[in-house]
Amino acid sequence: MRSIPLHSSAHSVLIDITQRVQTELEQSGVGEGVCFVHVPHTTAAVVVQENADPDVPHDILATLERLVPWQGPYRHGEGNAAAHVKAALVGSSVAIPVHEGHLGLGTWQAIFFCEFDGPRGRQVHLQVVAAI
Amino acid sequence: MRSIPLHSSAHSVLIDITQRVQTELEQSGVGEGVCFVHVPHTTAAVVVQENADPDVPHDILATLERLVPWQGPYRHGEGNAAAHVKAALVGSSVAIPVHEGHLGLGTWQAIFFCEFDGPRGRQVHLQVVAAI
Amino acid sequence: MRSIPLHSSAHSVLIDITQRVQTELEQSGVGEGVCFVHVPHTTAAVVVQENADPDVPHDILATLERLVPWQGPYRHGEGNAAAHVKAALVGSSVAIPVHEGHLGLGTWQAIFFCEFDGPRGRQVHLQVVAAI
């Protein structure tokens, strides 16, 4: 299992980790298969989305905040219930196909670590599995 | 493929299945790889979230009910359209990295079966894939 | 990596691709493992849901449109921010267990390509990984 350490610099932010995942993938030596990115936190998530226009990550965060506002009728006593709910909606892992040693992402796709309760030190875990 | 039978005891409930998945993982003999948990139902889902505070699962269910209320302008004639939509939002599978024979979950992470239209007999399917 | 070309015939539509994925799976020769379906687009997604009643896909699309309306306070200049947000919520990939050479789906489950900004030519990518 490979790990990538991160530091999120804001309360809510999407961090493009595509290049760092690609670097780890190359070190795995897998040519054809699947690369898994897992977030071992419960107030953060991971998503594949567009990185060409920074307004796209902005709109994703703003819409999540509209649907699951930070202040709300939550019971969880730590005050960050919204971050848990957002993480549950977006998800804790993504699977990216690997082709010819590269992440099989579309032209506009990037892998984003999603921070919903930062700033914090964080990490993502990777496993790369080979196809036959 | 391995299966875990479940019985959900309420209409909407999150059931912690981490220990049962870990037991199946150990029987697979895989040390490094990925463990997949798939829900073969369309009104249930699976999510990785915090299990330390039962208010977190409560807040997830309550927020989903606020966003996708049971009663609403749905067409599906069986009366459980909201459960299908919630399942689509949360997702039918999770991928957990496996490291040294254990689920590579974070300190606060657990695997929850998400029942949105219970109580019912249910099951989850597992496949464990080895990394090179 | 295998590819399936698609053409979406409406702005928002769920397209059942189960049979096409099963055909590709059979050509892979894998008997036990996991089949990954990845959408290389940022305004489309993939989900496992019921295909018996076409009202279920309808209710999913209608609820997503209610939660993330096409017209809204978005910044993204191309006018399709809602499609990006919907794709982020539903997800870019699914993992389906493979058992005895078949997709290990439940009785009512199908794999749907989710178009949120069509009509367009699209594709999905597949990788099949064998369990030990």
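Use the structure listed above.
Figured I'd write up the structure that's included with this text. (Residues numbered from 1 in each chain as written. Chains lettered and ligands numbered in written order. Predicted model: local features only at pLDDT ≥ 70, side-chain atom pairs only at ≥ 80, totals over all residues. Heavy atoms only, no water.)

1. Some points on the overall build of chain A
Thinking step 1. What chain A contains, in helices and strands, is three helices and eight strands.
Thinking step 2. The helix and strand sequence of chain A, counted from the amino end, reads β-β-α-β-β-α-α-β-β-β-β.
Thinking step 3. Computed over C-alpha atoms, the radius of gyration of chain A comes to 15 Å, within 12% of the 14 Å expected from 2.2 N^0.38 for 132 residues, which places it in the range of a compact globule.
Thinking step 4. For chain A, the spread of C-alpha atoms along the three principal axes comes to 50 × 30 × 25 Å.
Thinking step 5. A burial count over chain A gives 64% of its 132 residues as buried.
Thinking step 6. Here the contacts in chain A between residues at least 6 apart in sequence split such that 81% fall between residues at least 24 apart.
Thinking step 7. On chain A, roughly 4800 Å² of surface is accessible, and the fraction owed to carbon and sulfur atoms is 51%. (Helix = DSSP H or I, 4+ residues; strand = E, 2+ residues; numbered from the N terminus. Rg over C-alpha atoms; globule rule 2.2 N^0.38 Å. Buried < 20%, exposed > 50% of the residue type's maximum accessible area, 1.4 Å probe, protein only. Contact = heavy atoms within 4.5 Å. Areas by Shrake-Rupley, 256 points an atom, 1.4 Å probe, with all protein chains shown as cover.)

2. Regarding the pattern of salt bridges
Residues and elements named next belong to chain A.
Thinking step 1. Using the criterion set out here, one finds twelve salt bridges over all chains in the structure.
Thinking step 2. The salt bridge partner of Arg2 is Glu24, with a shortest N-O separation of 3.5 Å. Linking Arg2 in strand S1 (residues 2–8) with Glu24 in helix H1 (residues 18–28), this pair joins segments that are 22 residues apart in sequence. (Salt bridge = Lys/Arg side-chain N within 4 Å of Asp/Glu carboxyl O.)

3. Structural notes on the nonpolar core
Thinking step 1. If you look at the biggest cluster of nonpolar residues, it comprises 66 residues, and the most contacted ones within it are Val68(A), Phe116(A), Val68(B), Phe116(B), Val68(C) and Phe116(C).
Thinking step 2. Every residue in contact with Val68(C), bar those within four places of it in the chain, is listed here: Thr63(A), Arg66(A), Leu67(A), Tyr74(C), Ala82(C), Val85(C), Lys86(C) and Leu89(C). (Core = buried A, V, L, I, M, F, W, Y, C linked by side-chain atoms within 4.5 Å.)

4. A look at the interface of chain A and chain C
Thinking step 1. Tallying the contact residues gives 33 residues for chain A and 28 residues for chain C.
Thinking step 2. Roughly 2500 Å² of surface becomes buried between chain A and chain C when both sides are summed, with 63% attributable to carbon and sulfur atoms.
Thinking step 3. Taken as a group, Gln49(A), Asp59(A) and Gln109(A) account for 18% of the area that chain A buries against chain C, more than any other trio of residues on that side.
Thinking step 4. Between chain A and chain C we count zero salt bridges in total.
Thinking step 5. Inspection of the region where chain A meets chain C yields 16 residue pairs in polar contact (both at pLDDT 80 or more).
Thinking step 6. In terms of residue count, the dominant contributor to the side of chain A that touches chain C is helix H2 (residues 55–67) of chain A (nine residues). (Buried area = accessible area lost by both parts, 1.4 Å probe. Polar contact = N/O pair within 3.5 Å; in protein donor to acceptor, adjacent residues only side chain to side chain.)

5. Remarks on the interface of chain A and chain B
Thinking step 1. Counting residues at the interface gives 28 residues for chain A, matched by 32 residues for chain B.
Thinking step 2. Interface area for chain A against chain B, summed over the two sides, is near 2500 Å², with a carbon-plus-sulfur share of 62%.
Thinking step 3. Considering only the side of chain A, the residues that lose the most area to chain B are Met1(A), Thr42(A) and Arg75(A), jointly responsible for 21% of the buried surface there.
Thinking step 4. Inspection of the region where chain A meets chain B yields zero salt bridges.

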